[in-house]
Amino acid sequence: LRVCARFVCTESFMKTFSQIIRNYWVDLVLLNLSFLLGCIPVVTMPAALCAMDRALIVLVREGNVLLWEEFRDEFKKDFWRSLPLGLLFGGLLFLGYFLLSLGMGNFGTFLGPMFFAFGLFTVGFALGRGSYAFLMRAMFDLPNGQILKNANGMSALRGGRGWLPIVVHGVGFLFGFSFFPYTLIVIALFGISLPQYLICYLLNDPIQKNIISPWERMQAQKET
C-alpha cells in the first residue's frame, strides 16, 4: 500500500508539474526576468525572492496567478522586512563558501576536510532554512522572529521536507556548473523561477498541514 501511495503521489506530482510547465512557461520566463531585474541593486535581492515566492505559491495553491500584480505588491510590501533575512542567510552562504574554499585549499592537511564538512553543513543549513523562511515571509504577515522560528521548526520536522530545497539547489548548481557557460541562457530564462516553483510546490503541503490547517481549526473553534 505504501509503495502504491508513493507511486500515485509521484505520478500526480509529475502530471501537475508538466501541466504547469506547459500552461505557464511564459509566466515562468517573465517571472525569472522580473527577478533578475529586481536584483540589479544587490540590496533588493531578498525582496525580489519574496516576490517570486509569493507569485509561485499563489500559482501552486490556486492554480492561476496575476503574476505581475503579485510580484509588484509583494516586492513593495516586503522590501524592508526581507532585508534581515537576506543578510542572515546571505551571510551564512558566504561563510559556507569561504569554509568550502578553505577546505579545498588545505585538503592535504588535517583541517582541510573539517573545514570542507563545516562548509557543506553551513550551505545546507542556509538553503534549507532560508527556503522555508523566504517562502513563509511571502505567505504570512508575521515578525521575522516568528518566521525564523517556524522555518527552523518546519525544516527539522519529520515530514517537513527541509532537505528537499538542498537537493533542488544542489542539482541546479551541478547542472549549471557542468554545462557552463551554455547554462547562462537557461538561468536567464527560467533557471531561477523553475527551481523556486518546485520548492514552493514541495513545501506547500507541510506548511498547509502543520501551520495553516491547525490555525484554521483554532479559528473555527473560537467562532463556535
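Here's what I pulled together on the structure shown here. (Residues numbered from 1 in each chain as written. Predicted model: local features only at pLDDT ≥ 70, side-chain atom pairs only at ≥ 80, totals over all residues. Heavy atoms only, no water.)

**Side note on the pattern of salt bridges**
For step 1, the next point in the chain: What the rule picks out here adds up to five salt bridges.
For step 2, the next point in the chain: Residue R72 pairs with D73 through a salt bridge whose shortest N-O separation is 3.1 Å.
For step 3, the next point in the chain: The exposure class of R72 is partly exposed, given its relative accessible area of 31%.
For step 4, the next point in the chain: Here D78 ties to R137 by a salt bridge, and the two come within 3.6 Å at their closest N and O atoms. Residue D78 is located in the loop between α3 (67-77) and α4 (83-105), and its partner R137 is located in helix α5 (residues 111-139); the two are separated by 59 residues in the primary sequence. Here D78 and R137 have matching classes, each one buried.
For step 5, the next point in the chain: The structure contains a network of salt bridges with shared partners spanning D78, R81, R137 and D141. (Salt bridge = Lys/Arg side-chain N within 4 Å of Asp/Glu carboxyl O. Buried < 20%, exposed > 50% of the residue type's maximum accessible area, 1.4 Å probe, protein only. Helix = DSSP H or I, 4+ residues; strand = E, 2+ residues; numbered from the N terminus.)

**Description of the side chain of S155**
For step 1, the next point in the chain: Note on placement: S155 falls in helix α6 (residues 144-156).
For step 2, the next point in the chain: From its side chain, S155 meets the backbone oxygen of A151 in a polar contact 2.8 Å long.
For step 3, the next point in the chain: For S155, the contacting residues outside a window of four places in its chain are G128, R129, Y132 and G162. (Polar contact = N/O pair within 3.5 Å; in protein donor to acceptor, adjacent residues only side chain to side chain. Contact = heavy atoms within 4.5 Å.)

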